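Below, each chain spelled out in residue letters.
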Amino acid sequence: MNEYYSIFLNALRKGSVERKTDLMTGGESLFQDGTLLASLGSGSGPVPSLTETVKAEPHLVLFGSGHIGKALYDLAVLQKMRITVLDDRSELLTANRFPLAERHIAPYDELLSKDYDAVSPAFVIFTHGHSFDTDCLRYALKYNSSYIGMIGSKTKSAKALETLREEGFPEETLERVHTPIGLPIGAETPEEIAVSIMAEIIACYRKEKGFSTADPALISMMAEQKGVEVRIVAKKGSAPRAVGSMMLVTGNQVYGTIGGGAIEKTAIEEARRMLREGIEYQTRDYNLTPSGDIGMVCGGDETLLFRVF
């Protein structure tokens, strides 16, 4: 177990993390709410080269697998989101309809008695006949989520919120709930409603500016095995991925992405050269234009951090 990445993962469950990196030495420190959590190498030093706010990528959790759930799942697949779907209807929640989702089929009282290990969950509630919506909302409010949305009319939504208010949920907690759900785009079909919901999820997640994202599944892998962390630490122009995008390279496997194409192929080769030659840390600059060193056409420049752990 790599303690640094394990601590990183656990911190992401609680919220955003401040990561300070010394690009000269590779030293790095993690902070949350001003408290030092962990350090790698020599730490970030008094003046780190790079300071980032890091948030976990959202994990879509759907309570319901009907028409809107299926349309929302399809949109999430396009964005490479991790997806969990819960329903008591085995005839709808099938591998054919939701092939890339983690599926859980059981009565709702059983479903709501478990934890699904979703880091930064985006909960969307639309159970059949709205029979279990309030129960699902009560469950969702227990977690540190990136979004909570519940479908339904203003009257139904107000009744559900009043029920929870009477149960003692504080007003600031109930204010986290988006209901009626979705951005007001005049949506009517299940597919249009799904677009409005996904747009609202993205708007909530991206409300803060200037943060980096991390894939909790990738951080979990890095906590469990050895390899090379490859991370974008600077970019200019139209480079395909943002600062903070990461990849884990081992001797025979690659997890995550820094953008694909020639830059990714070159980075994988460089990471494996480091493993062969015993190089522990470096940064490399790449030009992503047709006249650059790797002949890409997307444009821009990237600086990659390579660190063996």
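Residues numbered from 1 in each chain as written. Predicted model: local features only at pLDDT ≥ 70, side-chain atom pairs only at ≥ 80, totals over all residues. Heavy atoms only, no water.

J.: Go over the overall build of the chain with me, naming the residues and quoting the values.
T.: Within the chain, the regular secondary structure consists of 9 helices and 16 strands. The principal-axis extents of the C-alpha atoms in the chain amount to approximately 60 × 40 × 30 Å. Within the span of the chain, comprising 309 residues, buried residues form 47% of the whole. Here the contacts in the chain between residues at least 6 apart in sequence split such that 58% fall between residues at least 24 apart. Looking at the chain as shown, the accessible area adds up to about 14,700 Å², and 52% of this sits on carbon and sulfur atoms. A gap of 2 Å separates the mean positions of the 33 positive and 41 negative side-chain charges of the chain. (Helix = DSSP H or I, 4+ residues; strand = E, 2+ residues; numbered from the N terminus. Buried < 20%, exposed > 50% of the residue type's maximum accessible area, 1.4 Å probe, protein only. Contact = heavy atoms within 4.5 Å. Areas by Shrake-Rupley, 256 points an atom, 1.4 Å probe, with all protein chains shown as cover. Lys, Arg positive; Asp, Glu negative; His and termini not counted. Charge placed at Lys NZ, Arg CZ, Asp CG, Glu CD.)

J.: Go over a nonpolar patch on the surface, please, and point to the residues and values.
T.: Residues L183, I185 and V195 make up a contiguous nonpolar surface patch of roughly 240 Å² in combined accessible area. Along the chain, V195 turns up in helix α7 (residues 190-205). (Patch = residues over 30% accessible without salt bridge, like charges linked within 9 Å, V, L, I, M, F, W, Y side chains within 5 Å. Salt bridge = Lys/Arg side-chain N within 4 Å of Asp/Glu carboxyl O.)

J.: Pulling in residues and values, what's your account of the environment of G261?
T.: Note that G261 resides in helix α9 (residues 261-277). In this structure the C-alpha to C-alpha distance between G261 and C298, which are 37 residues apart in sequence, comes to 9.9 Å.

J.: Account for α9, naming residues and giving values.
T.: Compared with an ideal rise of 1.5 Å per residue, which puts 17 residues at 24 Å, α9 spans 25 Å between its outermost C-alpha atoms and is within 8% of the ideal. Three or more residues of α9 are buried, namely I263, E264, A267, I268, E270, A271 and M274. Along the axis of α9, the buried positions cluster into a sector of 165 degrees, meaning they face one direction only. Pointing more than 90 degrees away from the buried face of α9 are the exposed residues G261, K265, R276 and E277. Residues of α9 that are buried sit in contact with β12 (228-236), β13 (246-249), β14 (254-256), β15 (281-287) and β16 (301-308). (Expected span 1.5 Å × (residues − 1). Arc of directions from axis to C-beta.)

J.: Before we move on, can you summarise the pattern of salt bridges with the specific residues and values?
T.: For the structure on display, the rule yields 20 salt bridges. Note that D133 and K156 form a salt bridge whose closest N and O atoms lie 3.3 Å from each other. Separated by 23 residues along the polypeptide, D133 in helix α4 (residues 133-140) and K156 in helix α5 (residues 154-166) bring together distant segments of the chain. For D133, a relative accessible area of 1% gives the class buried. Notably, a salt bridge pairs E270 with R273, separated by 2.6 Å at the nearest N-O pair.

J.: I'd love a proper account of the packing of helix α2 (residues 67-78) against α7, names of residues and values included.
T.: The geometry of α2 relative to α7 is characterised by a closest axis approach of 8 Å and an angle of 55 degrees between their N-to-C directions. By the criterion of interaxial angle, the relationship of α2 to α7 is oblique. For the pair α2 and α7, the crossing hand works out as right-handed. Taken together, the residues of α7 that come into contact with α2 (itself represented by H67, I68, A71, L72, L75 and A76) are P190, E191, I193, A194, V195, I197 and M198. Its residues assigned to classes, the contact of α2 with α7 comprises 11 nonpolar, 1 polar and 1 charged. (Axes fitted to C-alpha atoms, helices over the stretch in contact; angles between N-to-C directions. Parallel < 35°, antiparallel > 145°, perpendicular 65-115°, else oblique. Left-handed = near helix turned anticlockwise from the far one by under 90°. Nonpolar A, V, L, I, M, F, W, Y, C, P; charged D, E, K, R; others polar.)

J.: Summarise the sheet that holds strand β11 (residues 212-214); cite the residues concerned and give the values.
T.: The mixed open sheet is built from 5 strands, whose spatial order is β3-β2-β1-β4-β11. The two strands at the open ends of the sheet, each matched to only one other strand, are β3 (35-40) and β11. Each adjacent strand pair in this sheet contributes to an overall mean axis angle of 30 degrees, direction not counted. Sheet contacts for helix α1 (residues 3-14): β1 (17-21), β2 (28-32), β3, β4 (50-56) and β11; angle to β3, the most-contacted strand, approximately 150 degrees. (Pairing = 2+ DSSP bridges.)

J.: Help me get a handle on unusual backbone geometry, residues and values and all.
T.: With glycine set apart, most residues show a phi of negative sign, and most peptide bonds adopt trans. Residue P180 follows T179 across a cis peptide bond; omega there is -5 degrees. For P180, the position within the fold is in the loop between β10 (177-178) and α7. Of note, the phi angle at S120 is positive, near 55 degrees, even though the residue is not glycine. Summarising the element assignment, S120 is placed in the loop between α3 (108-111) and β8 (121-125). A relative accessible area of 12% means that S120 is categorised as buried.

J.: Quick one: what's the story with the nonpolar core, residue by residue and with numbers?
T.: One recurring pattern in soluble globular proteins is that nonpolar side chains are buried together. By size, the foremost hydrophobic cluster in this structure holds 24 residues, and its most contacted members are L60, L62, L72, I83, V124, I197 and I201. When contributions to this core are tallied by element, the ones reaching two or more residues are β5 (59-63), α2, β6 (82-87), β8 and α7. Those residues in contact with I197, other than ones at most four positions away along the chain, are I68, L72, V124, Y147, I181 and G182. Within the second largest apolar cluster, 22 residues are counted, among which are L86, L111, F123 and A160. (Core = buried A, V, L, I, M, F, W, Y, C linked by side-chain atoms within 4.5 Å.)

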